[in-house]
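Each chain is listed here by its residues.
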Amino acid sequence: MDLPEGLDWVRGSQAGRAWLAALPTWLNECAERWSLRVGPPFRQAYASLALPVHLPDGTAAVLKLQYPDEESRHEADALAHWDGDAAIRLLAHDPGRRALLLERCQPGTPLHDLPPDRALDVLVGLLPRLWRPAGTPFTPLAQEAAGWIDRMPRSWERAGRPYERRLLEAALDLLTGLASSQGEQVLVNQDLHAGNILAADTLAAGRGPWLAIDPKPLIGEREFSVVPMVRGPELGHSPDAVRHRLHRLSTELGLDRERVRGWTIGHTLSWSVADETVFPEKIEVVRWLLDTD
């Protein structure tokens, strides 16, 4: 199978190699089950294999075979919960194969193709539509934060202490306080950056023109939901750009700015090391936000 280069990282683990070995069979089985005509994979994949497909009636769709990580386990549940409102519509789901059949965004232009402030305008209009009350099977943000708190010191040590201890201590303190003092709980997406919102101009009025894709859902307070957009490099990676997004999103969405800042510091640092791979740009964001006082 001709895999996108962004999936090369999965070859580095036994679980990843097992997933790669199963993909051709699962792809053929899904194509047969849903009577799909399958095209070559989208090249920009990093955590799943996604392919353009056509349904028997000619409708354009996407077949997504997920890498079996925990963060995306309930992606299908989140999409079903939103039912096409501000998010891509789930057409079918095969839990055993972690396969999702999704409507296709066309033209599929990513939000980061807009000028940064226009992109933030879109998010301010889109995000409140995603803030829906929800319960099971979604993981509570407080529970997820407890896992970050537990893992971060060990990850920091294994990676050779790639950032200052003060960053680690600040993030742990912030996460501990924030997790236990949250406001109203709604469905939030811990990966809603400007590459995961696509233009869908061909959809019925009232749904487009921008829809969220690839959710990694949790149940938590609204302040957490803007974290990926504040820290993400897609709309500019600089102290001024990060602080501007923090200010605009907090102010225009009626969020507590200091809680957004704290969640961004804690979550970003927890995602700055993965299997001993260090992501320096995330560490930079944490420094910039800690040094705003």
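Note that the coordinates shown come from a computational prediction; the quantities given were computed from them, not determined experimentally.

Student: I'd like a description of the overall build of the chain, backed by residues and values.
Tutor: When helices and strands are tallied, the chain shows nine helices and 11 strands. Whereas a compact globule of 293 residues would reach a radius of gyration of roughly 19 Å, the chain reaches 19 Å, a difference of no more than 12%. Expressed as lengths along the three principal axes of its C-alpha atoms, the size of the chain is roughly 60 × 45 × 35 Å. Long-range contacts, defined as pairs at least 24 residues apart, comprise 70% of the intrachain contacts of the chain with a sequence gap of at least 6.

Student: Can you break down the sheet that holds strand E1 (residues 37–38) residue by residue, with the values?
Tutor: Here five strands make up an open sheet; going across it, the order is E1-E2-E3-E5-E4 and the pairing antiparallel. Looking at the sheet topology across the chains shown, the edges are occupied by E1 and strand E4 (90–94). Across four bridges, the pairing between E4 and strand E5 (residues 99–103) is antiparallel. Within the sheet, the bridge partner assigned to aspartate 94 lies in E5 and is alanine 99.

Student: Give me the packing of helix H4 (residues 141–158) against helix H5 (residues 165–179): which residues, what numbers.
Tutor: Packing of H4 against H5 brings their axes to within 9 Å, and their N-to-C directions diverge by 165°. Judged by the angle between their axes, H4 and H5 are roughly antiparallel. Note that H4 runs across H5; the crossing there is left-handed. Two secondary-structure elements touch here, H4 through Ala142, Ala145, Trp148, Ile149, Met152, Pro153 and Trp156 and H5 through Arg165, Leu168, Ala171, Leu172, Leu175, Thr176 and Ala179. Along the lines of polarity and charge, the residues of the contact of H4 with H5 split into 12 nonpolar, one polar and one charged.

Student: Residue-level account of the packing of aromatic side chains, with values.
Tutor: Under the defined criterion, the tally for this structure stands at five aromatic pairs. Ring plane angle 40° and centroid distance 6.2 Å describe the contact between tryptophan 156 and tyrosine 163, whose orientation is recorded as tilted. Judged by relative accessible area, tryptophan 156 falls into the buried class, the value being 4%. For tyrosine 163, a relative accessible area of 5% corresponds to the buried category. Among the aromatic residues, those joined into a cluster by ring pairs are Trp9, Trp19 and Tyr67. The aromatic ring of phenylalanine 279 is capped on one face by lysine 282, whose charged end is 5.0 Å from the ring centroid.

Student: I'd like a description of the side chain of glutamate 144, backed by residues and values.
Tutor: By secondary structure assignment, the location of glutamate 144 is in helix H4. Lacking a salt bridge, the buried glutamate 144 has arginine 151 as its closest oppositely charged neighbour, with an N-O distance of 4.9 Å. Look past the residues within four positions of glutamate 144 in its chain and what remains in contact with it is Glu71, Thr139, Gln190 and Leu218.

Student: Lay out the environment of threonine 268 with the relevant residues and their values.
Tutor: Within the secondary structure, threonine 268 is located in helix H8 (residues 257–270). If we skip the residues at most four places from it in the chain, threonine 268 touches Val227, Arg231, Trp263, Lys282, Val285 and Val286. Engagement of the side chain of threonine 268 in a polar contact is seen with the side chain of arginine 231, the distance being 3.3 Å.

Student: Please provide a residue-by-residue account of unusual backbone geometry, values included.
Tutor: The omega torsion across glutamine 106 and proline 107 is 15°, close enough to zero to call that bond cis. For proline 107, the location among the structural elements is in the loop between E5 and helix H3 (116–130). Of the consecutive residues threonine 136 and proline 137, the connecting peptide bond is found in the cis state with omega at 5°. A positive phi is found at aspartate 214, a non-glycine position, where the angle reads about 55°. With respect to the secondary-structure elements, aspartate 214 resides in the loop between strand E8 (210–212) and strand E9 (217–220). By relative accessible area, which is 24% here, aspartate 214 ends up partly exposed.

Student: So what's going on with the pattern of salt bridges? Residues and values would help.
Tutor: Overall, the coordinates contain 24 salt bridges when judged by the stated rule. Lysine 282 serves as the salt-bridge partner of glutamate 281, at 3.9 Å between the closest nitrogen and oxygen. In this structure lysine 282 comes out as buried when scored by relative accessible area, which is 19%. Counted as one network, the salt bridges with shared partners bring together Glu29, Arg33, Asp94 and Arg97.

Student: Please give an account of H3 that cites residues and values.
Tutor: Between its first and last C-alpha atoms H3 spans 21 Å; for 15 residues at 1.5 Å apiece the expected length is 21 Å, and the two agree. Where H3 is concerned, the buried positions are Ala119, Leu120, Val122, Leu123, Val124, Leu126, Leu127 and Leu130. Its buried side turned inward, H3 meets helix H2 (75–82), strand E6 (186–189), strand E7 (197–199), E8, helix H6 (227–231) and helix H7 (239–252).

Student: An account of the side chain of arginine 261 is requested, with residue identities and associated values reported.
Tutor: By secondary structure assignment, the location of arginine 261 is in helix H8. Among the polar contacts listed, one links the side chain of arginine 261 to the backbone oxygen of leucine 289, at a separation of 2.8 Å.

Student: Can you explain H4? Please cite residues and give values.
Tutor: Here H4 spans 25 Å end to end across 18 residues, near enough to the 26 Å set by a 1.5 Å rise per residue. Of all the bends in H4, the greatest, near 35°, is centred on arginine 151, and the proline proline 153 appears no more than four residues after it. Buried residues belonging to H4 abut H5, E9, H8 and strand E10 (273–274).

Scoring rules and cut-offs
Residues numbered from 1 in each chain as written. Predicted model: local features only at pLDDT ≥ 70, side-chain atom pairs only at ≥ 80, totals over all residues. Heavy atoms only, no water. Helix = DSSP H or I, 4+ residues; strand = E, 2+ residues; numbered from the N terminus. Rg over C-alpha atoms; globule rule 2.2 N^0.38 Å. Contact = heavy atoms within 4.5 Å. Pairing = 2+ DSSP bridges. Axes fitted to C-alpha atoms, helices over the stretch in contact; angles between N-to-C directions. Parallel < 35°, antiparallel > 145°, perpendicular 65-115°, else oblique. Left-handed = near helix turned anticlockwise from the far one by under 90°. Nonpolar A, V, L, I, M, F, W, Y, C, P; charged D, E, K, R; others polar. Phe/Tyr/Trp six-rings, centres within 6.5 Å; stacked < 30°, edge-to-face > 60°. Buried < 20%, exposed > 50% of the residue type's maximum accessible area, 1.4 Å probe, protein only. Lys NZ or Arg CZ within 6 Å of the ring centre and 35° of its normal. Lys, Arg positive; Asp, Glu negative; His and termini not counted. Salt bridge = Lys/Arg side-chain N within 4 Å of Asp/Glu carboxyl O. Polar contact = N/O pair within 3.5 Å; in protein donor to acceptor, adjacent residues only side chain to side chain. Expected span 1.5 Å × (residues − 1). Bend = angle between axes of the 7 residues up to and from the residue.

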